[in-house]
Amino acid sequence: STQSTWDSKQKSDAIAKLDGTYVERKKPREKKKRRGEEVPQKRRRRETKKPENQPNNILFVEQLPEDSDDNQQMLTVLFQNFSGFREVRMPPSNKSLAFVEFDFEPNATHAMTNLQGFRISNDCQLKVSYAKK
C-alpha cells in the first residue's frame, strides 16, 4: 500500500477503518501488581523521604571531618557568633557528628540557616538540621 502524507509510519486505526485495511491488534496490557512486588523507584523515593525534625533549640551537625581532633573547637568558633549559643557536644563514638545547643529555637534556626552547607574544608560541607526531640 502507498503511504499517505501523514508523518507517522503507520496509518491510524481510524484511517485504516475508512479505507478498509483495518486489522485488529492486541493492545499490550499493564500487568497487575501482585502483593509483595516492588514499588516503582520514583514512588519509593518519595515515600521514604525523611520528614524534617520539628524546630528545636538543639541543632544536629553532620559531615564533619572524621580525622580532625579539633571539630568541637572549630564548631564553637563558628556557632558562638550567633546569639543564644550555649555549647557544642560531640558523641565520643563518632567524630563526624555534633549537637549544638542554643537558648531558644529562633536563635538555633538563625544559625542553622546561615551555616547550612558551610565549607569547613575542600571536601567537608556542613549539614545542619534540628536534633530529634
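Please read these numbers as outputs of a predicted model, since none were measured by experiment.

1. Considering the overall build of the chain
Thought 1: Helix and strand counts for the chain come out as four helices and six strands.
Thought 2: In the chain, the succession of α and β elements from N to C terminus is α-α-β-α-β-β-α-β-β-β.
Thought 3: Residues counted as buried form 25% of the 133 residues belonging to the chain.
Thought 4: Contacts in the chain between residues at least 24 apart in sequence constitute 57% of all its contacts with a sequence separation of at least 6.
Thought 5: For the chain, the computed accessible surface area is about 11300 Å², with 49% contributed by carbon and sulfur atoms.

2. Description of the nonpolar core
Thought 1: Formed by 18 residues in total, the largest nonpolar core has its most connected members in Leu59, Val61, Leu75, Phe79, Val100, Phe102 and Leu126.
Thought 2: Elements represented by at least two residues in this core include exactly β1 (58–62), α3 (71–79), β3 (98–102), α4 (105–115) and β6 (127–130).
Thought 3: It is α4 that provides the largest number of residues to this core, a total of four residues.
Thought 4: With sequence-adjacent residues up to four places away left out, Leu75 is seen in contact with Val61, Leu64, Val88, Ala98 and Leu126.

3. A few points about α3
Thought 1: For α3, the full list of buried residues reads Asn71, Leu75, Leu78 and Phe79. Buried residues of α3, seen end-on, are gathered within an arc of 85° and therefore sit on one face of the element.

4. Let's talk about unusual backbone geometry
Thought 1: Phi at Gln63 is positive, roughly 65°, even though this residue is not glycine.
Thought 2: By secondary structure assignment, the location of Gln63 is in the loop between β1 and α3.
Thought 3: By relative accessible area, Gln63 is classed as partly exposed at 45%.

5. Things to note about the sheet that holds strand β2 (residues 85–89)
Thought 1: Pairing within the open sheet is antiparallel, and its four strands lie in the order β2-β3-β1-β6. Unpaired on one side and paired on the other, β2 and β6 mark the two borders of the sheet. Neighbour to neighbour, the strand axes of the sheet diverge by 25° on average, direction disregarded.
Thought 2: Examined bridge by bridge, β1 and β6 share four bridges and lie antiparallel to one another. Counted as the bridge partner of Leu59 is Tyr130 from β6.
Thought 3: Contacts from α3 reach β1, β2 and β3, with the element oriented near 160° to β2.

6. Notes on the pattern of salt bridges
Thought 1: As enumerated under the stated definition, the model contains five salt bridges in all.
Thought 2: Note that Arg86 is salt-bridged to Glu101, the shortest N-O span being 3.4 Å. Placement of Arg86 in strand β2 and of Glu101 in strand β3 is noted, with a sequence separation of 15 residues between them.
Thought 3: One salt-bridge network, held together by shared partners, links Arg86, Glu87, Arg89 and Glu101.

7. Re the side chain of Ser68
Thought 1: Tracing the backbone through its elements, the reader meets Ser68 in the loop between β1 and α3.
Thought 2: Within polar-contact distance, the side chain of Ser68 engages the side chain of Asn71 at 3.4 Å.

Conventions and cut-offs
- Residues numbered from 1 in each chain as written.
- Predicted model: local features only at pLDDT ≥ 70, side-chain atom pairs only at ≥ 80, totals over all residues.
- Heavy atoms only, no water.
- Helix = DSSP H or I, 4+ residues; strand = E, 2+ residues; numbered from the N terminus.
- Buried < 20%, exposed > 50% of the residue type's maximum accessible area, 1.4 Å probe, protein only.
- Contact = heavy atoms within 4.5 Å.
- Areas by Shrake-Rupley, 256 points an atom, 1.4 Å probe, with all protein chains shown as cover.
- Core = buried A, V, L, I, M, F, W, Y, C linked by side-chain atoms within 4.5 Å.
- Arc of directions from axis to C-beta.
- Pairing = 2+ DSSP bridges.
- Axes fitted to C-alpha atoms, helices over the stretch in contact; angles between N-to-C directions.
- Salt bridge = Lys/Arg side-chain N within 4 Å of Asp/Glu carboxyl O.
- Polar contact = N/O pair within 3.5 Å; in protein donor to acceptor, adjacent residues only side chain to side chain.

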